[in-house]
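Each chain, letter by letter, is given below.
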Amino acid sequence: MTVAAIVVAAGRGTRMGGGAPKQWRLLAGRPVLAHAVADLRAAGVARIVLVLHPDELAHPLVPAGCSVVAGGDSRDASVRAGLAALAADPPDHVLIHDGARPFPGAALVGRLVAALADSPGAAPALPVSDALWRGVGGRVSGVQDRTGLYRAQTPQAFRYGAIVAAHAAHPGGAADDVEVARAAGLDVAIVEGDDDNLKLTWPADFDRAERILKGRSMDIRIGNGFDVHAFCEGDHVWLCGVAVPHSRGLLGHSDADVGMHALTDAIYGALGLGDIGVHFPPSDPQWKGAASRIFLAHAIEQARAAGFRLANCDVTLICERPKVGPHQAAMRAALAAILDVEPGRISVKATTSERLGFTGREEGIAAIATCALVPA
Ligand code: MG
């Protein structure tokens, strides 16, 4: 089952104030649109089409890794442009999301996709809990029964072929894709929405979004890793991405980069994704002699896919020799390049074990690593 998403952000709405259309306004240093994309990715949706205003296709803040298409002069024309962009390789399911909602949330997306097993359409909504009044001239003129009323949200989820056909048959002017689907006779399941999945419309909404982000930023993941490799014949050892000349080598299935292995395991650990052996089994001959950077790059990619970035990491190499100090800067730079962060977020240090134990007897090298992942 394949799932793609269309994020509609072709509007020029500036009711928020501040000049820029709201999808480009910054929230915690990133545009509103990028937060929505990060949530969709965290839910496992890798294929994302952004529908942008024709003048903004090359906007410098377009999130990386998304397809970009030009919107039309109405909301449904923009959605049709997004659907058309997926036509060459049609997904099973498509999520259609409003780019002014920065926090669709991975859990909500999961509920929507699950609901499509039983229904051609599914959309999030929350029951109206406040009393509803009618008013005229600033005075209450009547009370509206709220029974059966919902506040509709996005993403709205559909089986791809069904919503394409529904849009093709619709005369236009629909408020949202549920209206289009229902006009075509499609059943749309109501899925429990999320109060944090707010639509940014007024300046106060922006303040609330900042508060939601602050709450989310408390979701910090810590991981640790430990690894050991024995010395063998050789003239260098790989340590944290640097070939360090030595009178011995390190024995291992891959290049035996003990520091990089410990760090890779720390990242997998923070994500609850096991260790290197799970992802790159030593029994699989294709990883024999592999450069350990492949493992580390895979681990950090899993972090990104889950909506996290590396805040910092700290690797300690435990050995009597070789001396690590002269290579520390190169090691930090090598790890930083793989992890795509500045070297200041990476620490590599070394200690001896005072000639005690297997490291003290120079039988091998041990490494421990700790990392912190924070919401991307
Ligand atoms: Mg290892």
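Refer to the structure presented above.
Below is a summary of the structure that appears in this document. (Residues numbered from 1 in each chain as written. Predicted model: local features only at pLDDT ≥ 70, side-chain atom pairs only at ≥ 80, totals over all residues. Heavy atoms only, no water.)

Looking at the coordination of the magnesium ion
Here's step 1: Within the first shell, the magnesium ion binds the protein through Asp 227 (OD), His 229 (NE2) and His 261 (ND1), at distances of 2.1 to 2.3 Å.
Here's step 2: Along the chain, the residues donating to the magnesium ion are arranged with the sequence spacing D-x1-H-x31-H. Taken together, the positions of Asp 227 in strand β13 (residues 221-232) and His 261 in helix α7 (residues 258-271) put the pair 34 residues apart, joining distant regions of the chain. No difference in accessibility class separates Asp 227 from His 261, as the two residues are buried. (Donors = N, O, S within 2.8 Å, 3.2 Å for Na, K, Ca; no water. Helix = DSSP H or I, 4+ residues; strand = E, 2+ residues; numbered from the N terminus. Buried < 20%, exposed > 50% of the residue type's maximum accessible area, 1.4 Å probe, protein only.)

A few points about the packing of aromatic side chains
Here's step 1: Following the criterion strictly, the structure yields two aromatic pairs and no others.
Here's step 2: Ring centres 4.8 Å apart and planes at 85° place the aromatic pair Phe 280 and Trp 287 in the edge-to-face group.
Here's step 3: Here the aromatic rings of Phe 280 and Phe 295 are separated by 4.6 Å at their centres, their planes lie at 40°, and the arrangement is tilted. Here Phe 295 lies in helix α9 (residues 293-305) and Phe 280 lies in the loop between α8 (276-279) and α9, a separation of 15 residues in the sequence. With respect to burial, Phe 280 and Phe 295 carry one shared label: buried.
Here's step 4: Taken together through their ring pairs, the aromatic side chains of Phe 280, Trp 287 and Phe 295 make up a single cluster. (Phe/Tyr/Trp six-rings, centres within 6.5 Å; stacked < 30°, edge-to-face > 60°.)

What to know about a nonpolar patch on the surface
Here's step 1: Taken together, the side chains of Phe 226, Val 228, Phe 358 and Ile 368 make up a nonpolar region of the molecular surface, amounting to roughly 330 Å² of accessible area.
Here's step 2: Val 228 gets classed as partly exposed once you look at its relative accessible area, which sits at 35%. (Patch = residues over 30% accessible without salt bridge, like charges linked within 9 Å, V, L, I, M, F, W, Y side chains within 5 Å. Areas by Shrake-Rupley, 256 points an atom, 1.4 Å probe, with all protein chains shown as cover. Salt bridge = Lys/Arg side-chain N within 4 Å of Asp/Glu carboxyl O.)

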